[in-house]
Amino acid sequence: MNFKRPRGTSDILPADQPYWSQVYTTARKVAKRFGYNRIDTPTFEDTNLFQRGVGDETDIVQKEMYSFEDHGGDSITLRPEGTASVCRAYVENGLQNLPQPVRLYYAMPMFRYERPQAGRVRQFHQFGCEAIGDASPEVDAEMLELCWRFLQELGISDVTLLVNNLGDRDGRAEYIAELEKYFKSAGDRLPKVDRDRLERAPLRVLDSKAPETQELAENAPKSLDFISGEAKEHWDAVIEHLENLKSANPSFNYKIDHRLVRGLDYYNRTVFEFEPANAGSQGTLIAGGRYDPLIGLLGGPETPAIGFAAGLERLILQLKEQEIAVEGSDGPDVVVVALGNAGKAAASLATALRGQDVSTILAPKRSMKAQMRYANNASAKNVVILGDREVEQGVASLKPLAGSVEQSEVSLDAKAIAEQVRAPHH
Ligand code: HAM
């Protein structure tokens, strides 16, 4: 075979599908429980949307976007994230006319040209929620509660919620100036990559992977010490809500992390990440924050908003690592085994059973033994055996493959067989 899937993409085979359906089902259930409604946006958008929204200086825009010119000469980009798209859709479809905040969720593939490694791929999937049109701290708290519930319902434990506050954009200049002064004073102790980063995206120096920088970052100026009075009030209210959540639910916890900044430019105030205990640098399971400036940056009316996105590949890695059982993919209700000249009758029976909503596979034409083995390997719940005698007498043998019920003779009638297959004692 001359073809391979593109690097950083995967085929999700049937054996892995139970993990995916578990994650999707849980996401839908939890989103619904918090009053979020689903939105889907196009897989590709105008390149400018992400340049403006995510930010020109971010790694995503600088080196990770799948952008191309289409046949009409427009620059198109496969979406690297969902927030900018959802905000575009909110304004374009007049959702500001609905009661605010509008609560939206999505589960969509995203595309980033990154160096593939465990938990970091080029086509990945996010479940995300966005609450648009409300600036109050209650919505921040709701978002964090939603993430925590989602992890709980999945059964994933040992995850730490890290929170920080980036303040408002207008007030940030002073903080950034202090940060630059601090890191510049370190001179050569700051590695070259981070000296460059200090020029381009000074906040990002705080979450550098370099050990020397991490050490320096420990004592760096903290954004919380620079935020405005209003932002501080908002923050105090968020923390109060988190404390309440914590006292009502011992499994909920959080840590303030002064080094937490985000890789996308649109954030202000509350930012957060959920880290598993065994996290490498690629471990963040869920990340998000408030992004009040975004819709304005995109040319829409100033509209406060907050949201998060969870990386589904990473959640599934956790489910596997923590050996969390997921509901298996079921085999068919019935495999029909045909002997002698019963092939035609068996095919008709299979058709009729499917008509009765019984999932049915006709065993491949082989020996009795091979057909029975096939049914076992397919994890069938029952086999229905048809031979020449059965066809002549209008009966069939029904044999459950699990449980203690014995093989029995039933009438060759799809409805009757369907009833029996569905019977609770069966
Ligand atoms: P992000 O931090 O870029 O934020 O991505 C969120 C999550 O998506 C990450 O924590 C991770 O679990 C997953 N993820 C990101 N890149 C990859 C990758 N290459 N391979 C596998 N998983 C990945 C956002 O995308 C924001 N839009 C989140 C948000 C929503 N903020 C507000 N609303």
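The residue numbers shown here count from 1 along each chain, following its written sequence. For this predicted model, a pLDDT threshold of at least 70 governs which residues receive local features, and a threshold of 80 or more governs which side-chain atom pairs are given and counted, while totals over whole chains, interfaces and linings are taken from all residues. The side-chain values count all of the structure's non-hydrogen atoms but skip hydrogen atoms and water molecules.

S.K.: Tell me about the pattern of salt bridges, and please be specific about residues and values.
M.R.: Pairs can form between side chains of opposite charge once their charged atoms are near each other. Salt bridge, as used here: a side-chain nitrogen of Lys or Arg that lies within 4 Å of a carboxyl oxygen of Asp or Glu. Going through the model one piece at a time under the given rule, you end up with 23 salt bridges. For the salt bridge of Glu 153 with Lys 29, the shortest nitrogen-to-oxygen distance reads 3.2 Å. Here Glu 153, found in helix 5 (residues 137-154), pairs with Lys 29, found in helix 1 (residues 17-33); they are 124 residues apart in sequence, far enough to count as distant. With a relative accessible area of 31%, Glu 153 lands in the partly exposed category. The buried label goes to any residue with under 20% of its type's maximum accessible area, the exposed label to any with over 50%, and the partly exposed label to all in between, with areas taken from a 1.4 Å probe on protein chains only. Take Lys 29: its relative accessible area is 44%, and that puts it in the partly exposed class. Within the structure, one salt-bridge network assembled from shared partners comprises Lys 29, Arg 33 and Glu 153. Working definition: helices are DSSP H or I runs of at least four residues, strands are E runs of at least two. Numbering for both runs from the N terminus.

S.K.: Requested: an account of the sheet that holds strand 2 (residues 44-46), with residues and values cited.
M.R.: The strand order across the open sheet formed by three strands is 2-4-3, and the pairing between neighbours is antiparallel. Two strands close off the open sheet at either side, each with one partner strand: strand 2 and strand 3 (66-69). The mean angle between the axes of side-by-side strands here comes to 35°, regardless of whether they run parallel or antiparallel. Two strands pair under a simple rule: DSSP has to find at least two bridges between them. Strand direction decides the pairing type here: strand 3 and strand 4 (residues 75-78), joined by four bridges, are antiparallel. Paired with Phe 68 across the bridge in strand 4 is Ile 76. Comment: axis = line fitted to C-alpha atoms, over the contacting stretch for helices; angle = value between 0 and 180 degrees taken between N-to-C directions.

S.K.: For the packing of aromatic side chains, give the residues involved together with the corresponding values.
M.R.: Each aromatic pair joins two rings of Phe, Tyr and Trp (for Trp, the six-membered one) with centres within 6.5 Å, and gets the label stacked for planes under 30 degrees apart, edge-to-face for over 60, and tilted for any other angle. Summed over all chains, the structure comprises 12 aromatic pairs. Between Trp 148 and Phe 252 the ring centres are 5.7 Å apart and the planes differ by 85°, which places this aromatic pair in the edge-to-face class. Note that Trp 148 is positioned in helix 5 and Phe 252 in the loop between helix 9 (229-248) and strand 8 (254-256), a separation of 104 residues in sequence. Residue Phe 252 is classed as buried on the basis of its relative accessible area, which comes to 2%. Ring geometry for Phe 272 against Phe 274: centres 6.3 Å apart, planes inclined by 85°, an arrangement best described as edge-to-face. The pair formed by Phe 272 and Phe 274 is uniform in burial state, with each residue classed as buried. Clustering of aromatic rings is evident, with ring pairs tying together Tyr 105, Phe 127, Phe 150 and Phe 308. Cation over ring: Arg 122 sits above Tyr 113, and NZ or CZ is 3.9 Å from the ring centre. Our definition puts a charge over a ring when NZ of Lys or CZ of Arg is within 6 Å of the ring centre and also within 35 degrees of the ring normal. Here the basic side chain of Lys 320 rests over the ring of Tyr 19, its NZ or CZ set 5.0 Å away from the ring centre.

S.K.: Quick one: what's the story with the site of the ligand, residue by residue and with numbers?
M.R.: We call a residue near a molecule or strand whenever a single non-hydrogen atom of that residue lies within 4 Å of it. In the vicinity of the ligand, 25 residues are found, and the nearest of them are Glu 81, Glu 114, Glu 130, Arg 262 and Tyr 267. In protein, a polar contact requires one atom able to donate a hydrogen and another able to accept it; more generally it is a pair of N or O atoms within 3.5 Å, and residues adjacent in sequence count only if both atoms are side-chain atoms. The side chain of Arg 262 places a nitrogen or oxygen atom 2.8 Å from an oxygen atom of the ligand. With respect to the ligand, the backbone of Gly 307 contributes an N or O atom lying 3.5 Å from a nitrogen atom. The Shrake-Rupley method, run with a 1.4 Å probe, gives the accessible areas here. Residue values count only the displayed protein chains as cover. In isolation the ligand exposes 660 Å². Once the protein is present, 96% of that is buried. With four residues, the top contributor of residues to the shell around the ligand is strand 11 (residues 305-311). Amino acids are sorted into nonpolar (Ala, Val, Leu, Ile, Met, Phe, Trp, Tyr, Cys and Pro), charged (Asp, Glu, Lys and Arg) and polar (every other residue, Gly among them). When its residues are assigned to classes, the shell around the ligand shows 10 nonpolar, eight polar and seven charged.

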